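Letter by letter, the chains look like this.
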Amino acid sequence: MAMDKTFDASAAEKRIYDAWEASDAFKAGANKSRDETFTIMIPPPNVTGVLHVGHAFNNTLQDILVRWKRMQGYDTLWQPGQDHAGIATQLMVEKKLAADGLPKRAEMGRDAFLEKVWEWKAESGGTIIEQLKRLGASCDWSRNAFTMSGAPNAPEGEEGNFHDAVIKVFVKMYEDGLIYRGKRLVNWDPHFETAISDLEVENIEVDGHMWHFKYPLANGATYTYIEKDEDGVTILEEERDYISIATTRPETMLGDGAVAVHPSDERYASIVGKLCEIPVGPKAQRRLIPIITDEYPDKDFGSGAVKITGAHDFNDYQVAKRGGIPMYALMDTKGAMRADGRPYAEEAATAQAIVNGEETFDEAKIAAMNLVPEEYRGLDRFDARTRVIADITDEGLAVMHDVTRVEKNDDGEKVEVTETVPYVEAKKIMQPFGDRSKVVIEPALTDQWFVDTDKIVGPALDAVKNGDVTIMPESGEKVFYHWLENIEPWCISRQLWWGHQIPVWYGLDLASHGFTDDEGDGALDIVEMMGLLSRQTLLDGNEQHHAASTFDDVKDQFSNVMAKLPIPLSNARVVEVADKATAAHTLAECLAQYAMDQDPTKLVYPVWRDADVLDTWFSSGLWPFGTLGWPEQTPELDKYFPGDVLITGQDILFFWVARMMMMSQAVEGENPFHTVYLHQLVRDEKGEKMSKTKGNVVDPLVVVDEFGADALRFTMAQMAALGGVLKLSEDRIKGYRNFGTKLWNAFSFAEHYEIPNPGDTSMPVVSQTLNKWIIGETAKVRETVDHALTDYRFNDAANALYAFTWGKVCDWYLEFSKPILQGDDAAAKDETQKTLRWVLDQCLILLHPIKPFITEELWGLADSRAKMLVHADWPTYTAAGLVDAEADREMNWVINLIESVRSNRAQTHVPAGAKVPLLVQSLDAKGQSAWDNNHVLIQRLARIESLENVTDFPKGCVTIPMDGGTFGIPLEGLIDVPEEIARLEKSLGKLAKELGGLRGRLKNPKFVESAPEEVIAETRENLRLREDEEAQIKAAIARLQELG
RNA sequence: GGGUGAUUAGCUCAGUUGGUAGAGCGCUUCCUUUACACGGAAGAUGUCGGGAGUUCGAGCCUCUCAUCACCCA
């Protein structure tokens, strides 16, 4: 059966992939012939993900390494899987519910919603896996992991250990004091109504405005405001009864706790410590806030005075913390102005009392206060802004300035009109957006769980510093240090449903509620308990919490605390309820019941579980061991952890890499891998980010459809220079598709010449120079490829294979073999046939990690094979063992001569088909033997008719200087003499430049003194050759001139 | 504002202890010679972003400027 003209990738790829899978070719340990393991953990794509070029690139590199190591006989595992992508998945399912006209999430409730998510996952969650298969990814799919596996509500088929792992790690870290709960300013996504980490926030520069408002000083106080220029000359001096504040977010003024100025700012020094009025809200309850000093304000920015709204700005938060300024939260979870709490008049009065020092405050008290005046309550934050601006301006408290513009008056004449208008600067501001929701992120003061990263960052930092973990390229290390050395606490709670629910239960802190024993008799009497109930303080009070893997475990912890309470509470049974309100209600009810029947066995102590879930990256941080069965001590965990290499995008160095390192160290005390290979974002051919809005997105599957997976993979490998920018262009992919066809045609060549293809040939013992040479070249490229892959220089490996296969095997070896294959020397023919098959097999083996499909297909053409190519043995022969210096020299001489003759022919317009005679002068013995051995090849490929020894070249002869003799092509009458002279003179000019440099260096005594011996020798040799060349060209010109 | 990196042929990029620049694609010319036109042969194209310094010698090291990109504020 004749081979097809080209490789039909679309038809073959699926068939080949299925064959690999059917033979379990990718299973952990498949093709193992040694004990060393090689483990790569796939960076888990989102379960909602679809394959993009970034995945394609990333997974191609992983596959190259894995296939290479597997062929080398390592016990290889490429562990696949996906993460559950909390926000993205929840969003997707919510959208689907809406599209299907089903009840909303809140309407259907948590359990029903999660059921829907799992349903969605079963239907669509495997998309990206199928797509990775199309690329040829050789993961052990039987081990596919999922970060939500084993969750309590997981359906059949989703059993697994990940939930256990996550919960266990949380509890351990909680018990070790590495996780804590706190009220902190976090990035709040008002769309998803959840906290998100600062890494999930995109800061984008947008057109914004800066408004300038007057905060009147209390009690009509005034001061002299003096503005000076750079030279200290007064440019403005006026009496003011206000301080001017610039803000981009006027709606947050309602929560201001102070106005801050820089301590060195002379303009405001006289009013520091005084009070000023927030110029918004009902006139009767205008709040007064202090003017304080802090290092934060920039004297040159705005007015130099900054309003401090601790609960709504990260910088202000720090100032407020330093200054003990209350942080009033103004918004609800949706980003609307709060509508809860007491009437504004009462809240404002309390706030004023706090400022006046008449009332104390704590976090909880401040958090409960709502300082939004009634007229703004319930408004969206952006509507509130508009209203606040309008109200302040109406009241005349906006800073005004004059604007002059040209208008046409009633008569149509242009006139200048000057108006005094509010001073509003239009300016670019950096605004935070949720990377999923795309809405403006609101800093919000909320109770969240945090990992105390400061305490676990050390080992990760050390691992890189002491070289246990290498980050490539090296620049990644600097970035890594910089980030880890300035690490912020990691907020791990998310107000979502899709995720691992935090294993913490809360109970009312009865001790702090006055469940005290007035009589000191170790028991509470009815009066004491009823007194407590009547105070109705249960809901406002404090809580205590405990973490445990299960409710049963946590029950004991609560019981232990309860035991310290007076009888009969000490005997109350711990029960789980839905939430705090239910808990308070349940407790009150059972106490009331007890009051009637005095039956202590009916007393219960209700606790409720934290409703929030953990950040997806918390589970992803456990990926290196969670995928291997941890916390079970599985054989896989034992064997494949720690892994070897992590290949991932530079953009998730912090998101994920650092967290895996911290978590592996915190949990297992080991680094999860020894090498991190970071790559950049794949961009379009112009170097721009791919984005849907720009329409420059390259879909890797479309590329695969058009050019085949191998072409895409080879392109990816070829681009993968360490630290390089990745620009993907279709022309390139096309070029490498052509390379596949070239390889295909080399086999078609072998078929055409009817070369036997028994399969699995061993390296032939050869006597032909040609065969010795190509075997040596093969050994060289094998070494180059291994070195390149060892150093993660995928581009070098790809380029070396391209140059070898095309530039050596196809361009020269196959051409050279033709006369032998067609010739009568049976022994030479047999040897060459065997060598040719062997060399082609080596091409397949060495190319297989990069181009798995076409190579497997060609491999399968042999009569028989012991194994599929995916499991073929990777060669270990060396250049030292196989390169024959003499054969090398001779073949290079032949190639050189052929190229020179061709070049001269082409440049002197000898018709391509014409055969020309060749002359040679003073050919030495080596040259003669090289000619004798290879003249058939030379004559065929350079179209030479005959060789004649001459003592002098005739006039009009083009000369070819070679090592061991000078060749000449007599061209009298065939060439354009002036053109040829011009050509030679041009090369003479180039030579002269080179000669000048070489002579200059050698003449310089300092060069001869300080340069290494071999460099000097090389330079001398180079000079000698160039001078030789120059002489020959000059001689050639002279001969041509005689003609003219 | 801080950090990191980039700037080399028309385009996309290599260039590994500093020794005088390479590849692919594209382009020009020629060739349908029985593996391959997704091919073959030949060819042209670079003050290696600007400037300064170290050195016998700098694309590579140092400083500086410019432009661009990305990350973090």
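For clarity, every value in this text was computed on a predicted model and none was experimentally measured.

Reading the values: rules and limits
- Residues numbered from 1 in each chain as written.
- Chains lettered and ligands numbered in written order.
- Predicted model: local features only at pLDDT ≥ 70, side-chain atom pairs only at ≥ 80, totals over all residues.
- Heavy atoms only, no water.
- Helix = DSSP H or I, 4+ residues; strand = E, 2+ residues; numbered from the N terminus.
- Rg over C-alpha atoms; globule rule 2.2 N^0.38 Å.
- Buried < 20%, exposed > 50% of the residue type's maximum accessible area, 1.4 Å probe, protein only.
- Contact = heavy atoms within 4.5 Å.
- Areas by Shrake-Rupley, 256 points an atom, 1.4 Å probe, with all protein chains shown as cover.
- Lys, Arg positive; Asp, Glu negative; His and termini not counted.
- Salt bridge = Lys/Arg side-chain N within 4 Å of Asp/Glu carboxyl O.
- Polar contact = N/O pair within 3.5 Å; in protein donor to acceptor, adjacent residues only side chain to side chain.
- Axes fitted to C-alpha atoms, helices over the stretch in contact; angles between N-to-C directions.
- Parallel < 35°, antiparallel > 145°, perpendicular 65-115°, else oblique.
- Nonpolar A, V, L, I, M, F, W, Y, C, P; charged D, E, K, R; others polar.
- Core = buried A, V, L, I, M, F, W, Y, C linked by side-chain atoms within 4.5 Å.
- 1 Å grid on protein atoms, 1.4 Å probe; cavity = no way out; pocket = protein on both sides within 12 Å on 5 of 7 lines; lining within 4 Å.
- Points joined across faces, edges and corners; volume = space filled by probe spheres on them.
- Pairing = 2+ DSSP bridges.
- Phe/Tyr/Trp six-rings, centres within 6.5 Å; stacked < 30°, edge-to-face > 60°.
- Lys NZ or Arg CZ within 6 Å of the ring centre and 35° of its normal.

1. Details of the overall build of chain A
Consideration 1: A tally of helices and strands in chain A yields 33 helices and 34 strands.
Consideration 2: Taken over C-alpha atoms, the radius of gyration comes to 40 Å for chain A, far larger than the 31 Å a tight globule of 1044 residues would show.
Consideration 3: In terms of overall dimensions, chain A has a C-alpha envelope of 125 × 85 × 65 Å along the principal axes.
Consideration 4: Split into buried and exposed, the 1044 residues of chain A put 54% on the buried side.
Consideration 5: Considering only residue pairs separated by 6 or more positions, chain A has 78% of its internal contacts joining residues 24 or more positions apart.
Consideration 6: Taken as a whole, chain A presents about 46000 Å² of accessible surface, with 49% of it coming from carbon and sulfur.

2. Some words on unusual backbone geometry
Consideration 1: Residues Trp-630 and Pro-631 are joined by a peptide bond in cis, for which omega reads 10°.
Consideration 2: Within the fold, Pro-631 resides in the loop between helix H18 (623-626) and helix H19 (635-640).
Consideration 3: With an omega of -5°, the peptide bond running from Phe-641 to Pro-642 counts as cis.
Consideration 4: Residue position: Pro-642 is located in the loop between H19 and strand E27 (645-649).
Consideration 5: Phi is positive for Asn-31, which is not a glycine, with a value near 65°.
Consideration 6: Relative to the helices and strands, Asn-31 resides in the loop between helix H1 (9-22) and strand E1 (37-41).
Consideration 7: Owing to a relative accessible area of 16%, Asn-31 belongs among the buried residues under this scheme.
Consideration 8: Of note in this structure, Lys-438 is not a glycine but carries a positive phi near 65°.
Consideration 9: Structurally, Lys-438 is set in the loop between strand E17 (424-434) and strand E18 (442-451).

3. Things to note about the side chain of Asp-140
Consideration 1: Residue placement: Asp-140 occurs in the loop between helix H6 (127-135) and strand E4 (145-146).
Consideration 2: The side chain of Asp-140 is buried and forms no salt bridge, while Arg-143, the nearest opposite charge, is found at 4.6 Å.
Consideration 3: Here Ser-142 takes part through its side chain, which lies 2.5 Å from a polar atom of the side chain of Asp-140.
Consideration 4: Aside from chain neighbours lying at most four places away, what touches Asp-140 is Phe-26, Lys-27, Ala-28, Leu-77, Trp-78 and Pro-80.

4. Remarks on the packing of helix H24 (residues 769-790) against helix H25 (residues 794-822)
Consideration 1: Between H24 and H25, the shortest axis-to-axis distance is 9 Å and the interhelical angle comes to 170°. As the angle between them shows, H24 and H25 are arranged roughly antiparallel.
Consideration 2: Of the residues in the contact of H24 with H25, the class split is 17 nonpolar, four polar and three charged.

5. Focus on the nonpolar core
In summary, soluble globular proteins display a tendency toward joint burial of nonpolar side chains.
Consideration 1: Core analysis: the biggest nonpolar cluster contains 222 residues, and Phe-170, Phe-618, Phe-794, Phe-816 and Phe-967 have the highest contact counts within it.
Consideration 2: Looking at which element gives the most residues to this core, the answer is H25, with 14 residues.
Consideration 3: With near-sequence residues (within four places) excluded, Phe-816 lies in contact with Leu-770, Met-891, Val-894, Ile-895, Ile-898, Leu-937 and Leu-941.
Consideration 4: The next biggest cluster of nonpolar side chains, apart from the first, holds 32 residues, and it includes Tyr-215, Ile-245, Val-261 and Leu-397.

6. Here's the deal with empty space enclosed by the protein
Consideration 1: Under the counting rule described, the total for this entry stands at three cavities of 30 Å³ or more.
Consideration 2: The space that makes up the second largest cavity amounts to roughly 40 Å³.
Consideration 3: Contributions of two or more residues to the lining of the second largest cavity are made by E1 and E27.
Consideration 4: A total of three residues in the lining of the second largest cavity trace back to one element, the largest contributor, which is E1.

7. Some thoughts on the sheet that holds strand E32 (residues 944-950)
Consideration 1: The sheet built from four strands is open, its strands ordered E32-E31-E34-E33 with mixed pairing. Either end of the sheet is taken by a strand with one partner, and the two such strands are E32 and strand E33 (957-962). The mean inter-strand angle of the sheet, taken between neighbouring strand axes irrespective of direction, is 25°.
Consideration 2: The pairing of E33 with strand E34 (residues 965-970) spans six bridges and is classified as antiparallel. Its bridge partner being in E34, Pro-961 is matched across the sheet by Thr-966.
Consideration 3: Most of the contacts of helix H33 (residues 1013-1043) go to E33, to which it runs at about 170°, and overall it touches E33 and E34.

8. Regarding the environment of Thr-586
Consideration 1: Mapped onto the secondary structure, Thr-586 falls in helix H16 (residues 580-597).
Consideration 2: Here Thr-586 is in contact with Val-577, Val-604 and Pro-606, once residues within four sequence places are set aside.

9. Some thoughts on the sheet that holds strand E6 (residues 194-196)
Consideration 1: If you trace the four strands from one edge of the open sheet to the other, you get E6-E5-E18-E20, paired in antiparallel fashion. Only two strands of the sheet have a single neighbouring strand rather than two, namely E6 and strand E20 (490-491).
Consideration 2: As paired elements, strand E5 (residues 179-189) and E18 share ten bridges and run antiparallel to each other. Counterpart to Trp-188 in the pairing with E18 is Glu-442.

10. Describing the packing of aromatic side chains
Consideration 1: Taken as a whole and assessed by the stated rule, the structure comprises 36 aromatic pairs.
Consideration 2: A centroid spacing of 6.0 Å and a plane angle of 45° characterise the contact between Trp-490 and Phe-618, whose relative ring orientation is tilted. Of this pair, Trp-490 sits in strand E20 while Phe-618 sits in helix H17 (residues 616-620), and the two are 128 residues apart along the sequence.
Consideration 3: Trp-490 sits in the buried class, given a relative accessible area of 3%.
Consideration 4: Residues Tyr-506 and Trp-608 carry aromatic rings whose centres are separated by 6.0 Å and whose planes lie at 25° to one another, so their mutual orientation is stacked. Taken as a pair, Tyr-506 in strand E22 (residues 504-508) and Trp-608 in strand E25 (residues 604-609) lie far apart in primary sequence, 102 residues in all. An identical accessibility class is assigned to Tyr-506 and Trp-608; each is buried.
Consideration 5: One Lys or Arg, Arg-67, reaches over the ring of Trp-20 and ends 4.3 Å from the middle of that ring.

11. Quick word on the pattern of salt bridges
Consideration 1: Applying the stated criterion to the full structure yields 54 salt bridges.
Consideration 2: We note a salt bridge from Arg-249 to Glu-442, for which the minimum N-O separation is 2.9 Å. In this pair, Arg-249 is assigned in the loop between strand E10 (242-247) and strand E11 (258-261) and Glu-442 in strand E18, connecting sequence segments 193 residues apart.
Consideration 3: We note a salt bridge from Glu-886 to Arg-889, for which the minimum N-O separation is 3.2 Å.

12. Considering the pairing of E1
Consideration 1: For E1, the buried fraction is high: four of the five residues fall into the buried class.
Consideration 2: Alignment of E1 against strand E2 (residues 75-79), held across five bridges, turns out to be parallel. Residue pairing for E2: Ile-40 is matched across the bridge by Trp-78.

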